[in-house]
Amino acid sequence: MNVYDSERMGEALNAAGYQSVNVPDEADMVILNTCHIREKAAEKVYSELGRLKKLKDTNEDMIIGVAGCVAQAEGEEMLARAPTVDLVFGPQTFQALPDMLDELADNRADALAENGHIKKAKGVVRTSFPAEEKFATLFETPRQPLVRSPAAFVTVQEGCDKFCTFCVVPYTRGAEVSRAAVEIEAEIISLAQKGVSEITLLGQNVNAWHDEAGGDIGLGQLLRRLAEVAGIERLRYTTSHPRDMDEALIEAHADLPELMPYLHLPVQAGSDKILKAMNRKHTAADYIKLVERIREARPDIALSSDFIVGFPGETEEDFTATLDLVKQVTYAQAYSFKYSPRPGTPASEDPQIEEDVKSERLARLQELLNAQQVHFNKAQTDETLDVLFEKQGKKPGQMVGRSPYLQTVHVDADETVIGKILPVKITKAHANSLSGEILGS
Ligand code: SAH
Ligand code: SF4
């Protein structure tokens, strides 16, 4: 979602006369788009700001902005803690960037008049809520997408009302808001006209998406509509919550060849006691039953998930229940994290599990998940997969694309394959990617 938001900021700034450059040294303005989900991500912002301060010391006019959820959470405090920062704005206000820049220019002019230099100019902070206003503004200003890849993200839903006890999202991104189906369709048509053939619909709870105006349709129906858009050959969506996986969405997996057989369905933990303490509102058995139903609809679907280890109160037995769930479900891919206490969330106030216990559990879980991923990748050897080629690889003469199961696939080919979906015979499986040969070449 931050990638998508950054692209839209780039578009807003392009319209205001800015151009993007590849390295901060060449920039008049640098914006960090930040993540608050775990402490590690939030900490990175300040070390990065330390590096940028050195650049600003050599170029006083340089503008430094902090966007995203760390900015949302810290607001004014950020200006006090990092005086080098000029703009602080949350994920629901970035459409106002040109406006904020005007305000900053005024503040700098005032400071220059008062003090003879711009150093003490007042910074600009925008952290209002919720997302409706942003969506309305973004829709009114037709998108001029700077398309770089045949695979694009489109945000359809933002925010979260679920309040899992470990999570900051409901506080930083705000309440659940869905974009209207007509807006989404229009954006995807404009992307398709620029050569995009794969769309990933984004939302914190993407499967909670619904459009009341259009007869209360859900994500399953939306996907059916989008599959009709000329040029769109592949559809994906992320991140879904197990509780919002309704029958219409599962049926879309059975019926739509455009809907790729890959589903990220976070479960977080396998112990019912921990799931309850996390406020996930489903049991391990509910999740397993759901997976069975989804696999009935689309037998080859590849599953991925998120896991948290070391949540407050997690015993060895609870952790073993997570391992058992992983063994039962079997995943093609997964993300796993040590629990990170986040300010303002209920679980952060509970007695915490020791760091070394968390580390040891994470290592055991990752060993199992990695083995499943390698097994899944190895099973594709000698198979033929349709690959959408997205870009050049790191090695000369190498092109990179994605399989229907979201695996990265490398082949030797020239740039003419970019944007095409071609059959590839898989010759070798690695831990994180596949290699193959384009059939008929
Ligand atoms: N809406 C999605 C997840 C969004 S956050 C869902 O409900 O599944 C992405 C992932 O970050 C979560 O799935 C969770 O595994 C992880 N995460 C969120 N808060 C965390 C925390 N405090 N500590 C560790 N991991 C966390
Ligand atoms: Fe966070 Fe997802 Fe839970 Fe919402 S449903 S609170 S985004 S983990």
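Within each chain, residue numbers correspond to sequence positions counted from 1 in written order. All chains are assigned letters beginning with A, and all ligands numbers beginning with 1, in the order in which they are written. For a predicted model such as this one, the threshold for reporting local features is a pLDDT of at least 70, and the threshold for listing and counting side-chain atom pairs is 80 or more; totals across whole chains, interfaces and linings nevertheless cover every residue. In computing side-chain properties, one takes all heavy atoms of the structure into account and sets aside hydrogens as well as water.

Caption draft 1: The overall build of the chain, seen in detail. If you tally the helices and strands in the chain, you get 14 helices and 19 strands. For 441 residues, the compact-globule estimate of 2.2 N^0.38 gives 22 Å, and the C-alpha radius of gyration of the chain, at 23 Å, lies within 12% of that figure. Taken along the three principal axes of its C-alpha coordinates, the chain extends 70 × 55 × 50 Å. Counting every position in the chain, which comprises 441 residues, the buried fraction comes to 52%. Throughout, a residue-residue contact means that at least one pair of heavy atoms, one from each residue, lies within 4.5 Å. When contacts within the chain are restricted to residue pairs at least 6 apart in sequence, long-range pairs at least 24 apart make up 71% of them. Per-residue accessibility takes into account occlusion by the displayed protein chains alone, with areas from the Shrake-Rupley method and a 1.4 Å probe. Accessible area for the chain stands at about 20,500 Å²; split by element, carbon and sulfur atoms hold 51% of it. Of the side chains in the chain, 48 bear a positive and 69 a negative charge, and the two mean positions are spaced by 4 Å. Secondary structure elements follow DSSP: runs of H or I of four or more residues count as helices, runs of E of two or more count as strands, with numbering from the N terminus. Radius of gyration: over C-alpha atoms. The globule rule applied is 2.2 Å multiplied by the number of residues raised to the 0.38 power. Per-residue accessibility, obtained with a 1.4 Å probe over protein chains only, is compared with the maximum for each type, and a residue is labelled buried under 20%, exposed over 50%, and partly exposed between these values. The charge count treats Lys and Arg as positive and Asp and Glu as negative. His and the chain ends do not count. In this description, the location of a charge corresponds to atom NZ of lysine, CZ of arginine, CG of aspartate or CD of glutamate.

Caption draft 2: Highlighting the sheet that holds strand β16 (residues 398-402). Pairing between two strands requires that DSSP report at least two bridges joining them. Spatially, β15-β16-β17-β19-β18 is the arrangement adopted by the five strands of the closed barrel, whose pairing is mixed. Taking each pair of neighbouring strands and ignoring which way they run, the sheet shows an average axis angle of 55°. Note that strand β17 (residues 408-412) and strand β19 (residues 433-438) share three bridges and pair parallel. Counted as the bridge partner of Thr 408 is Ser 433 from β19. Orientation is described by lines fitted to C-alpha atoms, with helices fitted over the stretch in contact, and by angles between N-to-C directions that extend from 0 to 180 degrees.

Caption draft 3: Geometry of the site of ligand 1. Proximity is defined per residue: any heavy atom of the residue falling within 4 Å of a molecule or strand makes that residue near it. With respect to spatial proximity, 16 residues lie near ligand 1, and among them Gln 204, Gln 268, Arg 280, Asp 306 and Ser 340 are the closest. Polar contacts here mean pairs of N or O atoms no more than 3.5 Å apart (in protein, one a potential hydrogen donor and the other a potential acceptor; neighbouring residues in sequence count only if both atoms are side-chain atoms). Backbone polar atom of Phe 166 to a nitrogen atom of ligand 1: 2.9 Å apart, as the coordinates give it. Within the complex, 90% of the 540 Å² of free accessible area of ligand 1 lies under protein. Breaking the shell around ligand 1 down by element, the ones donating at least two residues are β13 (302-309) and β14 (333-338).

Caption draft 4: A look at the pattern of salt bridges. The term salt bridge refers to a pairing of a side-chain nitrogen on Lys or Arg with a carboxyl oxygen on Asp or Glu at a separation within 4 Å. Enumeration over the complete set of coordinates arrives at 28 salt bridges. A salt bridge links Glu 187 to Arg 179, with the shortest nitrogen-to-oxygen separation between them at 2.8 Å. On the basis of relative accessible area, Arg 179 is assigned to the buried category, the value being 3%. Among the charged side chains, a network of salt bridges with common partners joins Arg 8, Glu 11, Arg 179, Glu 183 and Glu 187.

Caption draft 5: Examining helix α9 (residues 219-226) more closely. Among all positions in α9, only Leu 219, Gly 220, Leu 222, Leu 223 and Leu 226 are buried. End-on view of α9: buried residues confined to an arc of 160°, all on one side of the axis. Relevant arc is that of directions from the helix axis to the C-beta atoms, nothing else.

Caption draft 6: Broad picture of the sheet that holds β13. Taking strand neighbours across the sheet as the criterion, the three strands line up as β12-β13-β14 in an open arrangement whose pairing is parallel. Looking along the sheet, the strands with just one partner apiece sit at the ends: β12 (262-264) and β14. The average angle at which neighbouring strand axes cross in this sheet is 10°, direction not considered. Taken together, the three bridges between β12 and β13 define a ladder with parallel strand orientation. Each bridged residue has a counterpart across the sheet, and for His 264 the counterpart in β13 is Ser 304. Running over the sheet, helix α14 (residues 355-378) touches β13 and β14 and is turned about 175° from β14.

Caption draft 7: Highlighting the site of ligand 2. Around ligand 2, a shell composed of Cys 160, Lys 162, Phe 163, Cys 164, Phe 166, Cys 167, Val 169, Pro 170, Asn 205, His 241 and Arg 280 is seen. Taken together, the residues that form the shell around ligand 2 break down as seven nonpolar, two polar and two charged. Residue classes follow a fixed rule: Ala, Val, Leu, Ile, Met, Phe, Trp, Tyr, Cys and Pro count as nonpolar, while Asp, Glu, Lys and Arg count as charged, and any other residue, Gly among them, counts as polar.

Caption draft 8: Main features of a negative patch on the surface. Residues qualify for a patch when their relative accessible area is over 30% and they have no salt bridge, like charges being joined within 9 Å and the nonpolar side chains of Val, Leu, Ile, Met, Phe, Trp and Tyr within 5 Å. A cluster of acidic residues, Asp 102, Asp 106, Asp 110 and Glu 114, forms a negative patch at the surface. In this fold, Glu 114 is placed in helix α5 (residues 97-115).

Such coordinate-based values are descriptive only and should not be taken to indicate function.
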